[in-house]
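Survey of secondary and tertiary structure
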Amino acid sequence: MRVLVYGAGQLAQMMYLEGAPLGIEVQAVNVKDDSVVHPVSKRPLEQSLVQAIESADALTVEFEHVPERLLEQAAKSDKLMPSMDAIMVGADRVREKHLLEKFEVANCPYQIVTQIDQLDACIEALGDKLIIKASRDGYDGYGQWRLKSVDELQAIKQELAGLDLETVPLVVEKMLNFERELSLIGVRSKKGEIKIYPLAENLHHKGQLHVSVAPATQLSEPLVEQAETIFRTLADGMNYVGVLAVEMFQCQDKLLVNELAPRVHNSGHWSLSGAHTSQFENHLRALVGLPLGDTAAILPSAMVNVIGCSAFSRDLLSIPGCDLHWYGKSVREKRKMGHINLTATSYHELGDKLHKLMSYVPTEYFPELEKEAYRLRSYK
Ligand code: ATP
Ligand code: MG
C-alpha cells in the first residue's frame with residue numbers, strides 16, 4: 001500500500017517510519033517544485049507527481065498551506081484525505097471561524113478586519129488587549145501581532161499598513177487570560193469510527209509549542225467530555241478521515257477552540273512513546289482502511305521540542321524512557337530541529353526526568369523546562 005504526503009518535512013518522515021512495519025510505503029511531495037521525494041533522505045524519486053498520484057492508495061498533507069492548485073489536482077483523484085475543504089479550513093482562519101460557528105463550537109471572541117481602520121471598532125468590541133492574526137500562512141506565532149494597550153494602536157496600524165487585507169483579512173481576537181492550553185488529537189476512519197487520544201497540555205513560548213504533557217494533569221470528567229464532544233462534532237460534521245488536532249484554551253471549566261490542524265500535530269508526538277498506536281500510524285490506518293489502533297496512554301509522557309539548536313549532549317539518551325527524534329534539518333532560529341520524548345511511571349518521576357534533561361541541553365533554548373519539571377515534581 002502506498003500513501004503520498006504533500007509536504008516533505010518531519011511529519012512526512014514520521015509517517016514514513018511508522019508506516020514501514022505495516023507495509024505502507026510513504027512518499028512525499030516537495031510542494032516548492034512538485035517533485036516526489038523520499039520522506040527521510042529527501043532524495044527525488046524517479047516518478048512524476050501525476051504518476052505518484054496514480055499509484056498511491058491515498059493522498060494526504062503534512063501541513064495545511066499546500067498551494068491550492070496542488071490540492072485541486074489531488075482532490076480530483078478522489079483519494080485525498082482529509083478532504084480539500086477540511087484542509088482549507090486549517091489554512092484559513094476566516095473559514096475556520098465560520099466552521100466553528102456553523103457547528104456552534106465555542107471559540108475565542110473575534111472580529112474580521114479587511115480595512116486597517118476597523119481596528120478601532122475591534123478595541124471597542126473586544127477591549128484593548130488583542131491578538132491580531134493574519135488569516136492565512138501563519139504558524140508557530142508567525143503572522144501575529146499583539147496589542148497590549150491602546151497606546152500601541154498607531155504603531156501597529158503602521159506596521160500592518162502594507163498588508164493587502166482585502167485578499168488576506170486579519171482575524172483579531174481578544175487576548176484571553178486562560179488557565180492553560182490543551183489539545184485533543186483524534187482519528188476518524190472512513191466508516192466514521194472515532195478514537196481519541198488523552199488531552200495533552202501544551203506549553204508555548206513566544207507563540208511556539210515547546211513542551212507537551214500527556215495525559216494532561218488535573219483532567220476532570222466533564223472537561224474530557226467537553227473536549228471529546230467538540231472533536232466528534234467537528235470530525236463527524238466534516239465527514240473527516242484521518243487525524244485531526246484541535247487546539248483549545250481552558251478558561252475555568254470551559255474549553256474554547258483556538259485552532260484546528262487537519263493533520264498529525266506536534267502536540268501528538270508524545271504518542272510515539274506513550275501510546276500503543278502513534279498518531280502517525282493511526283493516520284495511515286485511517287487512510288488505507290485498516291482498523292484504528294489503541295489511543296490510550298500507556299504512561300505519562302512529555303514531549304520536548306528542540307528548537308533552533310542542534311548542539312546538545314546525545315547522552316540524554318541515558319535517561320530511562322527517553323527517545324530522540326531528529327528531523328535532519330539545518331539549524332535556523334525558531335526552527336523545530338527534533339523532539340525528545342520522555343515517559344515515566346508517574347508525573348513526579350516525569351518531572352524528575354525533565355529536570356535531568358536540563359543537564360544535557362543548553363537551557364536557554366528550553367525556556368519552559370525548569371518550570372514544568374518543578375510543577376510535575378509537585379505531584380506525589
Ligand atoms: P501553530 O504553531 O499552533 O500553528 P499559530 O502561529 O498558527 O500556531 P495560534 O495557535 O493561533 O497560532 O497562536 C499561537 C499561540 O499564541 C497560542 O498557542 C497561544 O499561546 C497564543 N494565543 C493565540 N491566540 C490567543 C488568544 N486569543 N489569547 C491569548 N493567547 C493566544
Ligand atoms: Mg496553534
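Provided above is the structure to which this section pertains.
A brief report on the enclosed structure follows. Just so we're clear, the structure is a prediction, and the values are computed from it rather than from any experiment.

Procedures and definitions
Residues numbered from 1 in each chain as written. Chains lettered and ligands numbered in written order. Predicted model: local features only at pLDDT ≥ 70, side-chain atom pairs only at ≥ 80, totals over all residues. Heavy atoms only, no water. Core = buried A, V, L, I, M, F, W, Y, C linked by side-chain atoms within 4.5 Å. Buried < 20%, exposed > 50% of the residue type's maximum accessible area, 1.4 Å probe, protein only. Helix = DSSP H or I, 4+ residues; strand = E, 2+ residues; numbered from the N terminus. Contact = heavy atoms within 4.5 Å. Near = heavy atom within 4 Å. Polar contact = N/O pair within 3.5 Å; in protein donor to acceptor, adjacent residues only side chain to side chain. Nonpolar A, V, L, I, M, F, W, Y, C, P; charged D, E, K, R; others polar. Domains from an automatic or database assignment. Pairing = 2+ DSSP bridges.

**What to know about the nonpolar core**
- Judged by nonpolar contacts, the single largest core of 33 residues is most densely connected at V3, M15, V26 and W270.
- When contributions to this core are tallied by element, the ones reaching two or more residues are β1 (2-6), α1 (10-19), β2 (25-30), β9 (180-188), β12 (208-214), β13 (242-251) and α10 (279-288).
- Element by element, the count of residues in this core is highest for α10, at five residues.
- Every residue in contact with W270, bar those within four places of it in the chain, is listed here: Y197, P198, A200, A214, A275, A297, S301, M303 and N341.
- In terms of nonpolar packing, the next biggest core, distinct from the first, is built from 26 residues, V105, I194, I230 and L244 among them.

**As for the site of ligand 1**
- Around ligand 1, a shell composed of 22 residues is seen, among which K133, D140, G141, E181 and E259 lie nearest.
- The backbone of K174 places a nitrogen or oxygen atom 3.0 Å from a nitrogen atom of ligand 1.
- Measuring from an oxygen atom of ligand 1, one finds a side-chain N or O atom of H204 at 3.2 Å.
- Partitioning the shell around ligand 1 into residue classes produces seven nonpolar, six polar and nine charged.
- Shared between two domains, the shell around ligand 1 takes at least three residues from each, and those domains are domain 2 (109-174) and domain 3 (180-377).

**So, helix α5 (residues 93-102)**
- All buried positions along α5 are accounted for by R93, V94, E96, K97, L99 and L100.
- Among the residues of α5, the N-terminal cap falls to D92, whose side-chain oxygen and the backbone nitrogen of V94 are separated by 2.9 Å.
- Residue E104 follows α5 closely and has a positive phi angle near 55°.

**So, the environment of L316**
- Here L316 lies in the loop between β15 (301-307) and β16 (322-326).
- Judged by its relative accessible area of 0%, L316 is buried.
- Apart from the residues within four sequence positions on either side, L316 is in contact with C322, I340, L357, Y360 and V361.

**Considering unusual backbone geometry**
- Residue P82 follows M81 across a cis peptide bond; omega there is -10°.
- Within the element layout of this structure, P82 appears in the loop between α3 (68-76) and α4 (84-91).
- Between A214 and the following residue, P215, the backbone shows a cis peptide bond with an omega angle of -10°.
- Along the chain, the position of P215 falls in the loop between β12 and α8 (221-237).
- Positive phi outside glycine occurs at K206, with the angle close to 50°.
- Note on placement: K206 falls in the loop between β11 (200-205) and β12.

**So, the side chain of N258**
- Examined against the element boundaries, N258 turns out to sit in strand β14 (residues 254-261).
- Setting aside its immediate chain neighbours within four residues, N258 contacts E96, K133, E173, E247, M248 and F249.

**Here we look at the pairing of β9**
- With nine of nine residues buried, β9 lies mostly within the body of the structure.
- As paired strands, β9 and β13 are joined by nine bridges and run antiparallel to one another. Each bridged residue has a counterpart across the sheet, and for G186 the counterpart in β13 is L244.
- When β9 meets strand β10 (residues 194-196), the two strands line up antiparallel, connected through three bridges. From the neighbouring strand, R188 faces β10, where its bridge partner is I194.
- What sits between β9 and β10 in their antiparallel hairpin is a turn of five residues, with G192 showing a positive phi close to 95°.

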